[in-house]
Structures are given as C-alpha cells and as structure tokens.
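Next come the chains, spelled out residue by residue.
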Amino acid sequence: MAQGKTKRLTLAIDTGGTFTDCVYRDGGRIEVLKLPSTPEDPGCAILEGVAQIVARLGATEIEVRHGTTVATNALL
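Sequence order as written defines residue numbering, which begins from 1 separately in each chain. Whole-chain, interface and lining totals are the exception, using all residues; otherwise, since this is a predicted model, local features are given only for residues with pLDDT of at least 70 and side-chain atom pairs are given and counted only at 80 or more. Calculated side-chain values reflect all of the structure's heavy atoms, with hydrogen atoms and water omitted.

### Notes on the environment of threonine 69
At step 1: We count a stretch as a helix when DSSP gives it H or I for four or more residues in a row; a strand needs E for two or more, and each element gets its number in order from the N terminus. Position of threonine 69 among the secondary structure elements: in helix H2 (residues 69-75).
At step 2: The criterion used for residue contact is that any of the two residues' heavy atoms lie within 4.5 Å. When near neighbours in sequence (up to four residues on either side) are disregarded, threonine 69 contacts Asp14, Thr15 and Gly16.

### Some points on the environment of alanine 45
At step 1: By secondary structure assignment, the location of alanine 45 is in helix H1 (residues 42-57).
At step 2: With 26 residues separating them in the primary sequence, alanine 45 and phenylalanine 19 have C-alpha atoms 8.8 Å apart.
At step 3: Apart from residues no more than four positions distant in its own chain, alanine 45 is found in contact with Thr20, Leu35, Pro36, Ser37 and Thr38.

### Concerning the confidence of the model for the chain
At step 1: Here the chain averages 89 in pLDDT, while 95% of its residues score no lower than 70.
At step 2: You can read pLDDT as the predictor saying how much it trusts each residue, on a scale of 0 to 100. Within the chain, the lowest mean pLDDT, 80, falls on H2, and the highest, 96, falls on strand S3 (residues 29-36).

### Observations regarding a nonpolar patch on the surface
At step 1: Together, Val23, Ile30 and Val32 give the surface a local cluster of nonpolar side chains, amounting to about 270 Å² of exposed area.
At step 2: Looking at the element boundaries, valine 23 is found in strand S2 (residues 19-26).
At step 3: Residue classification places valine 23 among the partly exposed positions, given a relative accessible area of 34%. Like-charged residues within 9 Å of one another, or nonpolar side chains (Val, Leu, Ile, Met, Phe, Trp, Tyr) within 5 Å, are grouped into patches, provided each residue has over 30% relative accessible area and no salt bridge. The Shrake-Rupley method, run with a 1.4 Å probe, gives the accessible areas here. Residue values count only the displayed protein chains as cover. Any carboxyl oxygen of Asp or Glu that lies within 4 Å of a side-chain nitrogen of Lys or Arg is treated as forming a salt bridge with it. A 1.4 Å probe rolled over the protein chains alone gives each residue an accessible area, and that area as a share of the maximum for its type sets the label: buried under 20%, exposed over 50%, partly exposed in between.

### Topic: the sheet that holds strand S4 (residues 61-68)
At step 1: Taken in spatial order, the four strands make up an open sheet running S3-S2-S1-S4, and their pairing is mixed. Edge positions in the sheet fall to S3 and S4, since each has one partner strand and no second. Recorded for the sheet is a direction-independent mean angle of 20° between the axes of neighbouring strands.
At step 2: Pairing geometry for S2 and S3, over eight bridges, is antiparallel. Within S3, the residue paired with valine 23 across the bridge is valine 32. Strands pair, by our definition, only if DSSP identifies at least two bridges between them. To get an axis, a line is fitted to the C-alpha atoms, and for a helix only the part in contact is used. The angle between two axes follows their N-to-C directions and goes from 0 to 180 degrees.

### Examining the nonpolar core
At step 1: The term nonpolar core refers to a set of buried residues drawn from Ala, Val, Leu, Ile, Met, Phe, Trp, Tyr and Cys, joined through side-chain atoms within 4.5 Å. Judged by nonpolar contacts, Leu9, Leu11, Ile13, Cys22, Tyr24, Leu33, Leu35, Ile46, Val50, Ile53, Leu57 and Ala59 together constitute the single largest core of twelve residues.
At step 2: Put simply, the parts of the chain that give this core at least two residues each are strand S1 (8-15), S2, S3 and H1.
At step 3: Of the residues forming this core, the biggest block, four residues, is contributed by H1.
At step 4: Residues in contact with leucine 35, not counting those within four places in the same chain, are Thr18, Phe19, Thr20, Ala45, Glu48, Gly49 and Gln52.

This is the structure:
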C-alpha cells in the first residue's frame, strides 16, 4: 500500500453470551470472524477481533458498530 493512503473498514460486532461475531467487507465479499466471548471482560473479545481483522486487511481507518445480544436476552 502506498504511504499515506487510507484503507477504510467498517466493522459490525455483536457480543453474545457464547460468541462475539465480527462482520466486515473484504473487497466485494462479506466476511465473518467468530470468536469466543469473554464474559468477564467483553472488551477483550472485541479488541481481539478488531486486531485480527486490521492485521488481515491492513486497514488504517476503522469505523466500529457494536451491539449486544447479552443485554437484549437479559431484557427478554
């Protein structure tokens, strides 16, 4: 990648009780990274997913959208 060139990535993350799902677009394809959730500290699985995807794609600018089924399921 040329120096100074920005590679943008939009990443959607859902934190569940068992898995943390990361959905992103790589070229024209939608990709999913599924990681075990870390209930003691949900941020750990989120940061691990972001790190893996950024390393894979070489993104320099990231927009993260986060939701959680843990809270939704607790309300239900």
